[in-house]
Amino acid sequence: MICISCKSQTINIKTWDGTKTNGAYYKDVDNELNQFEGTYKYVNGNNELTMVFKKHINFYMFPYSEDLLAGEIKYKKDGVTLFDNLNKINQNLTNKYLHDICGNSLITNTVRPICEDCLPNQFRARLIFFGRSNNDIGGSVFLQKFTEGGQEKMKVLILYGERSYQDGEPILSPLIPWGYYVLTKIP
């Protein structure tokens, strides 16, 4: 009889350097991702951006596991809904990276883009924005949580990759303009 024993290694995502180790569990030990969970909304005239985030625990990504934050988006421009994937957040997707936004990178205020209004020892989340509904143009989403006037808010920075041409032809512009948005948490 042969007995094989495997020990998994738990790695705190706050100190994770991005290296993938077989059998490791990249865990949100201090529950930093929890602060971003919920539904948040930005309104500017007839333009609206709604984002919803949900934390997933111990999601298996062969050959390792990780805690991560998944998100979905609803975007209205000039009162017209251009896309609405909010209902997708509650779907039990076997691959959490099929959500529009996903990831678990936690960064400090000194990591670019530098956060001058972050509190000392405050972590922000840096997530992948796949852009599937955004003319298939993705990039990164940075989340910074704060409270203003007793209301929970989140500063969101949307950045796109530097890709502007494909096969010598201009690609479509993203539907959601890049830049900073301040969203208010809604119950």
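Residues numbered from 1 in each chain as written. Predicted model: local features only at pLDDT ≥ 70, side-chain atom pairs only at ≥ 80, totals over all residues. Heavy atoms only, no water.

## Considering the layout of surface pockets
Moving on, step 1. Estimates place the volume of the largest pocket at around 250 Å³.
Moving on, step 2. If you trace the largest pocket, you find 17 residues lining it, with Trp 16, Gly 18, Lys 20, Asn 104 and Ser 105 closest to the centre.
Moving on, step 3. Of all the elements in the fold, those that place two or more residues in the lining of the largest pocket are β5 (64-77), β7 (101-107) and β8 (124-129).
Moving on, step 4. With five residues, β7 is the largest single contributor of residues to the lining of the largest pocket.
Moving on, step 5. Its residues assigned to classes, the lining of the largest pocket comprises eight nonpolar, four polar and five charged. (1 Å grid on protein atoms, 1.4 Å probe; cavity = no way out; pocket = protein on both sides within 12 Å on 5 of 7 lines; lining within 4 Å. Points joined across faces, edges and corners; volume = space filled by probe spheres on them. Helix = DSSP H or I, 4+ residues; strand = E, 2+ residues; numbered from the N terminus. Nonpolar A, V, L, I, M, F, W, Y, C, P; charged D, E, K, R; others polar.)

## Observations regarding the side chain of Arg 124
Moving on, step 1. Turning to its location among the elements, Arg 124 is positioned in strand β8.
Moving on, step 2. The side chain of Arg 124 sits in the buried core without any salt bridge; Asp 117 is the nearest counter-charge, 7.6 Å away.
Moving on, step 3. A distance of 2.8 Å separates a polar side-chain atom of Arg 124 from the backbone oxygen of Val 111.
Moving on, step 4. Polar contacts involving the side chain of Arg 124 include one to the main-chain carbonyl oxygen of Pro 113, which spans 2.7 Å. (Buried < 20%, exposed > 50% of the residue type's maximum accessible area, 1.4 Å probe, protein only. Lys, Arg positive; Asp, Glu negative; His and termini not counted. Salt bridge = Lys/Arg side-chain N within 4 Å of Asp/Glu carboxyl O. Polar contact = N/O pair within 3.5 Å; in protein donor to acceptor, adjacent residues only side chain to side chain.)

## Regarding unusual backbone geometry
Moving on, step 1. Residue Pro 63 is reached from Phe 62 by a cis peptide bond, and omega for that bond is 5°.
Moving on, step 2. Assignment of secondary structure puts Pro 63 in the loop between β4 (47-61) and β5.
Moving on, step 3. The step from Arg 112 to Pro 113 runs through a cis peptide bond, and the omega angle for that step is -5°.
Moving on, step 4. Within the element layout of this structure, Pro 113 appears in the loop between β7 and β8.
Moving on, step 5. The backbone phi angle of Asn 58 is positive, close to 55°, even though this residue is not glycine.
Moving on, step 6. Within the secondary structure, Asn 58 is located in strand β4.
Moving on, step 7. The exposure class of Asn 58 is partly exposed, given its relative accessible area of 41%.
Moving on, step 8. For Asp 78, which is not a glycine, the phi torsion comes out positive at approximately 55°.
Moving on, step 9. On the secondary structure map, Asp 78 appears in the loop between β5 and β6 (80-84).
Moving on, step 10. Residue class for Asp 78 comes out exposed when judged on its relative accessible area of 56%.

## Points about the packing of aromatic side chains
Moving on, step 1. A complete count under the given rule lists seven aromatic pairs for this structure.
Moving on, step 2. Measuring from centroid to centroid gives 5.0 Å for Tyr 42 and Tyr 181, while their planes differ by 85°, and the two rings are edge-to-face. With Tyr 42 in strand β3 (residues 38-44) and Tyr 181 in strand β13 (residues 179-186), the pair connects residues that are 139 residues apart, well separated along the chain. Just as Tyr 42 is buried, Tyr 181 falls in that class too.
Moving on, step 3. The interplanar angle of 85° and the centroid separation of 6.4 Å between the aromatic rings of Tyr 97 and Phe 130 together place this pair among those described as edge-to-face. Of this pair, Tyr 97 sits in the loop between β6 and β7 while Phe 130 is found in the loop between β8 and β9 (139-148), placing the two residues 33 residues apart along the sequence.
Moving on, step 4. In textbook terms, an aromatic cluster arises when at least three aromatic residues are bridged by ring pairs, as seen for Trp 16, Tyr 26 and Tyr 64.
Moving on, step 5. A cation over an aromatic ring shows up here: Arg 132 above the ring of Phe 130, its NZ or CZ 4.4 Å from the ring centre.
Moving on, step 6. A cation over an aromatic ring shows up here: Lys 155 above the ring of Tyr 180, its NZ or CZ 5.4 Å from the ring centre. (Phe/Tyr/Trp six-rings, centres within 6.5 Å; stacked < 30°, edge-to-face > 60°. Lys NZ or Arg CZ within 6 Å of the ring centre and 35° of its normal.)

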